[in-house]
Amino acid sequence: MVGKSVKDPTAAAAGSVALAYHVRAVAKYYGVPVVLHSDHCAKKLLPWFDGMLAADKEYFEKFGEPLFSSHMLDLSEEPDDENIAICVKYFKKMAPMKIWLEMEIGITGGEEDGVNNEDIDPEKLYTTPEQVYSVYEALSKVGPMFSIAAAFGNVHGVYKPGNVSLSPEKLLTHQEYTKEKINSPLARPIFLVMHGGSGSTEDEIATAVKNGVVKMNIDTDTQWAYWDGLRKFEAEKRDYLQGQIGNPEGDEKPNKKCYDPRVWIRKAEESMCARVGDSMAKLGSVDTYTKSTVPGSQQCIVQRNPIEKVVSSLKTLF
Ligand SMILES: [Zn+2]
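In short, a report on the structure. (Residues numbered from 1 in each chain as written. Predicted model: local features only at pLDDT ≥ 70, side-chain atom pairs only at ≥ 80, totals over all residues. Heavy atoms only, no water.)

Let us now look at the side chain of S70. Checked against the element boundaries, S70 lands in strand β2 (residues 70-73). A distance of 2.7 Å separates polar atoms of two side chains, one belonging to S70 and the other to H37. Not counting residues within four places of it along the chain, the set of residues in contact with S70 comprises L36, H37, S38, I99 and W100. (Helix = DSSP H or I, 4+ residues; strand = E, 2+ residues; numbered from the N terminus. Polar contact = N/O pair within 3.5 Å; in protein donor to acceptor, adjacent residues only side chain to side chain. Contact = heavy atoms within 4.5 Å.)

Laid out in structure tokens, this is it:
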């Protein structure tokens, strides 16, 4: 999160923390609620996590709320006992600051963030209801603000159809198992997260949401969308991108308006924004919050305890 040339491991969180402050400074101008979340953190990256938590603590002491809304720990490479124990250890630090914890259990196929599960036995790509319950049992003793990324045949990345059998219907089994164990009045007592959402069909996403998925990751498809926006721009303007001066309109004509990074990065960003909107529609989250009409609206993360409000609104849904 800082430049690759910086070798000081304690600097790893500095970029994330700087970004969080930037988001806080500008979020209020967008009129929509913003959740600041850090994703996959494997065991070897815990110093990064520690750095972000230190920034959360500092912010909390001043303003009574954490800097970030939510953090994710991905210790799914470790044995389940160790995975859960480390999550409990961190969740105990996070819960008093009202920070959401997302954790992962079971094996998500493919490759992401340096964790490679491309050659895994396909049977292992499904988290069991017992595994999910053991997480619920341990974390619910600390607080209610946590979600579980359980594997149901999902893969980080996009592969040819046929290689992956996504089974979002299995998520209901997790809900039913835990519901019975804790005698919950809720049909879906667990907040689930869908990793590897890229390449999933509308039906698969709808089933996952119906079975308690409250967040979906779509890294690979948004990576492609970003590149695709740039790819189309380059194809359209190729003759204007071969030198600083000279294009089909004349040998003296400047091309600055085409190779300026602010132009072509914007094309990539517009394409990625459209792809995110597409997923929001499939997840059923479009227009679920009212956009504020107040100029410079405060309807954003600077509100007190927004995550708790999210929890209570989710509880009414499930
Ligand atoms: Zn994951």
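Moving on: a nonpolar patch on the surface. Together, Y29, Y30 and V32 make up an exposed nonpolar region whose accessible area comes to about 350 Å². For V32, the position within the fold is in the loop between α1 (14-27) and β1 (37-38). The class of V32 is partly exposed, set by a relative accessible area of 32%. (Patch = residues over 30% accessible without salt bridge, like charges linked within 9 Å, V, L, I, M, F, W, Y side chains within 5 Å. Areas by Shrake-Rupley, 256 points an atom, 1.4 Å probe, with all protein chains shown as cover. Salt bridge = Lys/Arg side-chain N within 4 Å of Asp/Glu carboxyl O. Buried < 20%, exposed > 50% of the residue type's maximum accessible area, 1.4 Å probe, protein only.)

With the rule as written, the count across this model stands at seven aromatic pairs. Here Y21 and Y59 contribute two aromatic rings whose centre-to-centre distance is 5.8 Å and whose plane-to-plane angle is 65°, an arrangement assigned as edge-to-face. Of the two residues, Y21 is situated in helix α1 and Y59 in helix α2 (residues 46-63); the sequence distance between them amounts to 38 residues. Its relative accessible area of 38% is what places Y21 among the partly exposed residues. (Phe/Tyr/Trp six-rings, centres within 6.5 Å; stacked < 30°, edge-to-face > 60°.)

Here we take up the nonpolar core. One finds L73, L139 and I148 to be the most contacted residues of the largest nonpolar core, which totals 48 residues. Residues in contact with L139, not counting those within four places in the same chain, are C87, V88, F91, L101, M103 and F146. (Core = buried A, V, L, I, M, F, W, Y, C linked by side-chain atoms within 4.5 Å.)

This part is about the pairing of strand β9 (residues 213-216). Consecutive side chains along a regular strand alternate between the two faces of the sheet. Note that strand β8 (residues 192-194) and β9 share three bridges and pair parallel. Opposite L192, over in β9, you have V213 as the bridge partner. Note on the crossover from β8 through helix α6 (residues 202-210) to β9: the handedness is right-handed. (Pairing = 2+ DSSP bridges. Right-handed = clockwise from strand over helix to strand, strands pointing away.)

What follows deals with the environment of S69. By the secondary structure assignment, S69 is in the loop between α2 and β2. Separated by 32 residues in the primary sequence, S69 and H37 have C-alpha atoms spaced 5.9 Å apart. Engagement of the side chain of S69 in a polar contact is seen with the backbone nitrogen of L36, the distance being 2.8 Å.

Of all the five residues making up strand β6 (residues 146-150), five are buried; the element is thus mostly covered by neighbouring parts of the structure. Pairing between strand β3 (residues 100-105) and β6: five bridges, direction parallel. Bridge pairing in β6 places I105 opposite A150. Summarising the sheet, β6 and β8 pair through two bridges and their orientation is parallel. Across the sheet, the residue bridging to I148 is L192, located in β8.

In total, this model carries 15 salt bridges according to the counting rule given. Ionic pairing is found between K57 and E61, a salt bridge with its closest N-O pair at 3.1 Å. Placement of both K57 and E61 in helix α2 is noted, with a separation of four residues, approximately one turn of the helix. E61 gets classed as exposed once you look at its relative accessible area, which sits at 59%. The salt bridge involving R231 is made with D228; its shortest N-O contact spans 2.7 Å. Pair noted here: R231 and D228 are both in helix α7 (residues 219-236), with a separation of three residues, about one helical turn. Through salt bridges with shared partners, a single ionic network connects D221, R275, D278 and K282.

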